[in-house]
Amino acid sequence: MKKGVLLGKYLKIKHCLSRKEKCSYIIGIYVDQIFLNKKILVVDDEEKNIQLIGSILKKHEKKVKIFVASDGKEAIERCYAFMPDIVLMDINMPKMDGIEACTKIKENDLFKDIPVIFLTAEASIEGKLKALRSKGNDYINKPVHEEELILRLKIHLSLKINQERIRNQLIQ
């Protein structure tokens, strides 16, 4: 059983671990600092798209670390080199497209929990379903709306952080 309550700028989640209602409390990170020192991998073959995403991210958090790749194959290499916290990936790229790259990232135990958000001009339902079947976590249509991008990043980074906290508590 999970109950979430928004308390000011903190997210408090009550997570009951057994039928005896032994509960642990997980306090989410300060929402305004969710990007602090996070590593974001931006994968796109168009330089202007990378610059746009980079400027949006830097506008909201100066201390975010942005890594770039121009195709899916390079994205996988960057995952090994930098272990990003989240990946923003185009679908249509040379060498290896975003769908194949996402599938390979999610098949690897080292990277399977890294959220992958597709950013693409592909607007058909078939394209969206294909992206989500590859275990992508979300899908944003281009042109990217700044507020939508930031909100979706906050959601997926919060989920990842809280997943890690729960996993660590269960291990202890």
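Residues numbered from 1 in each chain as written. Predicted model: local features only at pLDDT ≥ 70, side-chain atom pairs only at ≥ 80, totals over all residues. Heavy atoms only, no water.

**Topic: the packing of aromatic side chains**
Considering all chains together, one arrives at two aromatic pairs under this definition. Geometrically, the ring pair formed by Phe-67 and Phe-82 is stacked, given 4.0 Å between the ring centres and 20° between the ring planes. Of this pair, Phe-67 sits in strand β5 (residues 65–69) while Phe-82 sits in helix α2 (residues 72–82), placing them 15 residues apart in sequence. Given the relative accessible area of 18%, Phe-67 is considered buried. A centroid spacing of 4.8 Å and a plane angle of 85° characterise the contact between Tyr-80 and Phe-111, whose relative ring orientation is edge-to-face. Linking Tyr-80 in helix α2 with Phe-111 in the loop between α3 (98–107) and β7 (116–120), this pair joins segments that are 31 residues apart in sequence. (Phe/Tyr/Trp six-rings, centres within 6.5 Å; stacked < 30°, edge-to-face > 60°. Helix = DSSP H or I, 4+ residues; strand = E, 2+ residues; numbered from the N terminus. Buried < 20%, exposed > 50% of the residue type's maximum accessible area, 1.4 Å probe, protein only.)

**Considering the confidence of the model for the protein chain**
Do not read the fine detail of predicted coordinates wherever pLDDT is low. The predicted model of the protein chain averages 83 in pLDDT, with 81% of residues at 70 or higher. The least confident element of the protein chain, judged by mean pLDDT, is strand β1 (residues 2–7) at 34; the most confident is strand β6 (residues 86–89) at 98. Every residue in residues 1–30 is under pLDDT 50, and counting partners more than four places away or in other chains gives 59 contacts. (pLDDT = per-residue confidence, 0-100. Contact = heavy atoms within 4.5 Å.)

**Side note on the pattern of salt bridges**
Scanning the model with the defined rule gives eleven salt bridges in all. Across the pair Arg-152 and Asp-138 runs a salt bridge, and its minimum N-O distance is 2.7 Å. One end of the pair, Arg-152, is in helix α5 (residues 146–171); the other, Asp-138, is in strand β8 (residues 138–141), with 14 residues separating them in the sequence. For Asp-138, a relative accessible area of 13% translates into the label buried. Of the charged contacts in the structure, one is a salt bridge between Lys-160 and Glu-164, with a shortest N-O distance of 3.5 Å. Of the two residues, Lys-160 and Glu-164 are both situated in helix α5; the distance of four residues between them amounts to about one turn of the helix. Glu-164 sits in the partly exposed class, given a relative accessible area of 34%. Residues joined in a network through salt bridges with shared partners are Asp-44, Asp-90 and Lys-142. (Salt bridge = Lys/Arg side-chain N within 4 Å of Asp/Glu carboxyl O.)

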